[in-house]
Amino acid sequence: MSDSRLEDLDGPVGPWRGAAPLAASGIAVVCFVAALALAWMSAGTLLLIFAGVLLGVFLDGLTRGLGRVLPLPRGVRLSIASVAVAVAVIGFGSYGGATIVQQGRDLGTTIKNQAGTVTGWLSERGIDVPSLAPQGGGKDGSTDSGQREGGLGGLANGLLKGSSSIVSDAGSVLGPAAAVILGLFDALGNVLVIAFLGLAFAADPKAYRDGAVRFVPPAKRWRASQVLDGAGETLRHWLFGQLIIMAVIFLCTWAGLAFLGIGGALILGLQAGLLAFVPTVGPLVAGLVIVLAALASGTKAVIGAIGVYLAVQCLESYGLTPFIQKRALDIPPATIFAGQLILGVIFGLWGIALALPLMAVIKVLLEQLYVEDTLHEQPSH
């Protein structure tokens, strides 16, 4: 072999571009890993911000809808939409607040007693299951810290609080009252943060979109704007469709259970409508609560409650969702459930609650950035 060939074999494989590109690549990898670690540690905060974005999308949709009817400046329309939402929430709370509180208290006692009855019935037949009722604590029937609010109360409290060790530590040091007070302040703080972010995003969504696009290279900014607009439109259609579905489930469940004479029909319908926001897992929890509440009214009431639950679920699964959400989110149920599991393991209860809107955004990103731009194919609809 000639000397020139030996020199070629001893030289570097491929073009050598110098040390600077290699160092830049290493720094980019380190920065990417650091960003992932930061996102992992602040997952709760990021999901809280995403909840604020959802509220902003909702208010922006209402503002756009008012623009078709009222030729007013955007700020005036946003103020009208925000005040209308606040009045609706406060009005519903004040009108049905006392009934909801009373039914919620009675329902909690009923579910606790019936859960203990079911657990005992299974134990007598040799089936060992974890106790469905909250584990007892003090003499007054209070339960251990972290389990005082069973059923819907515990789930809603967890959705609002996320994972907060401060409340649990305060509960062990200062007692149950302090834990409840701190929990309420924590939940109220999260609600205020979501409300502020929602109003801020809805006030000027274009400014936030343009600010995010400025981090993209100039040649790709037009496409990035398209992707962000597509994600916002998908979230807007999904959110309004989901609110319609939740309202129908609430009304149908409430009417059906009230017709059967089951106690706490209003709160049962309300929790069924709210839990419909969480696909797959939410309806199962709502059904379990309805069955446990109906046990106190006898076997016929249980059968009737199961019939109402199944009828509402069939209406939602085969009527409302395919018709309303077809345009916004066309994802197979198994994929949704798998996504819930993954997001729940990674982000906890927040991940389960926000799984569907997160998957809607991921679907838009995959379709536009990967299927269209990388594979040069049209996504199937």
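This is a predicted model, so every value here is computed, not measured.

Draft legend 1. Seen up close, the nonpolar core. Grouped together as the largest cluster of nonpolar side chains are 47 residues, with contacts concentrated most on Leu 257, Ile 262, Leu 268, Phe 277, Trp 350 and Leu 354. Elements with a minimum of two residues in this core: α3 (43-67), α7 (176-203), α9 (221-260), α10 (265-275), α11 (281-294), α12 (299-324), α13 (333-347) and α15 (355-372). Counting residues per element, this core draws most heavily on α3, which supplies eight residues.

Draft legend 2. Fine view of the side chain of Glu 316. Inspection of the secondary structure assignment puts Glu 316 in helix α12. Of the residues examined, Glu 316 reaches a relative accessible area of 17% and is grouped as buried. Not counting chain neighbours up to four residues away, the residues in contact with Glu 316 comprise Ile 245, Ile 249, Thr 321 and Pro 322.

Draft legend 3. The packing of α10 against α11, seen in detail. Between α10 and α11, whose axes approach to 8 Å, the crossing angle comes to 165°. Between α10 and α11, the crossing angle belongs to the class labelled roughly antiparallel. For the crossing formed where α10 meets α11, the hand is right-handed. Where α10 approaches α11, its residues Leu 268, Gln 271, Ala 272 and Leu 275 are matched on the opposing element by Gly 282, Pro 283, Val 285, Ala 286, Val 289, Ile 290 and Ala 293. Here the contact of α10 with α11 is built from residues that sort into nine nonpolar, two polar and no charged.

Draft legend 4. Here's a closer look at the UniProt feature "transmembrane region" (unreviewed entry) in the protein. Listed under "transmembrane region" (unreviewed entry) in the UniProt record, and renumbered for this structure, are residues 20-40, 46-66, 78-98, 177-202, 243-268, 274-295, 302-321 and 341-366. The span residues 274-295 is 73% helix and 0% strand, and its two end C-alpha atoms sit 22 Å from each other. Between the end C-alpha atoms of residues 302-321 the distance is 26 Å, and the span holds 100% helix and 0% strand.

Draft legend 5. Examining empty space enclosed by the protein more closely. Here the structure, examined in full by the defined rule, presents one cavity of 30 Å³ or more. In this structure, the largest cavity spans a volume of roughly 70 Å³. What lines the largest cavity is simply Ile 249, Thr 253, Ala 272, Leu 275, Ala 276, Pro 283, Ala 286, Ile 290, Tyr 309, Val 312 and Gln 313. Among the residues forming the lining of the largest cavity, the class breakdown is nine nonpolar, two polar and no charged.

Draft legend 6. Representation of the pattern of salt bridges in the model. The full count for this structure, using the stated rule, is nine salt bridges. One salt bridge connects Lys 206 with Asp 210, and the closest N-O pair in it is separated by 2.9 Å. With a gap of four residues between them, Lys 206 and Asp 210 both fall in helix α8 (residues 205-213), about one helical turn apart. Accessibility expressed as a relative area gives 27% for Asp 210, which makes it partly exposed. A salt bridge links Asp 229 to Arg 209; its shortest N-O distance comes to 2.9 Å. A residue pair is termed long-range when its members are at least 10 positions apart, and Asp 229 in helix α9 and Arg 209 in helix α8 qualify at 20 residues.

Draft legend 7. Region of interest: a nonpolar patch on the surface. Side chains of Leu 38, Trp 40, Met 41, Ile 342, Val 345 and Ile 346 sit close together on the surface and give an oily, nonpolar patch of about 710 Å² of accessible area. With respect to the helices, strands and loops of the structure, Met 41 is situated in helix α2 (residues 19-41). Relative accessible area serves as the criterion here: at 67%, Met 41 is assigned to the exposed category.

Draft legend 8. View of the confidence of the model for the protein. Across the protein, the average pLDDT comes to 76, with 70% of residues at or above 70. Taken element by element, the protein is modelled with least confidence in helix α5 (residues 151-161), mean pLDDT 45, and with most confidence in α9, mean pLDDT 90.

Draft legend 9. Structural detail: the packing of aromatic side chains. Evaluated as defined, the whole model comprises four aromatic pairs. Taking the centre distance of 5.5 Å and the plane angle of 65° together, the rings of Trp 238 and Phe 277 count as edge-to-face. One end of the pair, Trp 238, is in helix α9; the other, Phe 277, is in the loop between α10 and α11, and 39 residues separate them in sequence. On the basis of relative accessible area, Phe 277 is assigned to the buried category, the value being 17%. With 5.5 Å between their ring centres and 20° between their planes, Phe 250 and Trp 254 make a pair best called stacked. With Phe 250 and Trp 254 both in helix α9 and four residues apart, this pair spans about one turn of that helix.

Definitions and limits used
Residues numbered from 1 in each chain as written. Predicted model: local features only at pLDDT ≥ 70, side-chain atom pairs only at ≥ 80, totals over all residues. Heavy atoms only, no water. Core = buried A, V, L, I, M, F, W, Y, C linked by side-chain atoms within 4.5 Å. Buried < 20%, exposed > 50% of the residue type's maximum accessible area, 1.4 Å probe, protein only. Helix = DSSP H or I, 4+ residues; strand = E, 2+ residues; numbered from the N terminus. Contact = heavy atoms within 4.5 Å. Axes fitted to C-alpha atoms, helices over the stretch in contact; angles between N-to-C directions. Parallel < 35°, antiparallel > 145°, perpendicular 65-115°, else oblique. Left-handed = near helix turned anticlockwise from the far one by under 90°. Nonpolar A, V, L, I, M, F, W, Y, C, P; charged D, E, K, R; others polar. UniProt positions renumbered as here; feature names shortened; annotations may be inferred. 1 Å grid on protein atoms, 1.4 Å probe; cavity = no way out; pocket = protein on both sides within 12 Å on 5 of 7 lines; lining within 4 Å. Points joined across faces, edges and corners; volume = space filled by probe spheres on them. Salt bridge = Lys/Arg side-chain N within 4 Å of Asp/Glu carboxyl O. Patch = residues over 30% accessible without salt bridge, like charges linked within 9 Å, V, L, I, M, F, W, Y side chains within 5 Å. Areas by Shrake-Rupley, 256 points an atom, 1.4 Å probe, with all protein chains shown as cover. pLDDT = per-residue confidence, 0-100. Phe/Tyr/Trp six-rings, centres within 6.5 Å; stacked < 30°, edge-to-face > 60°.

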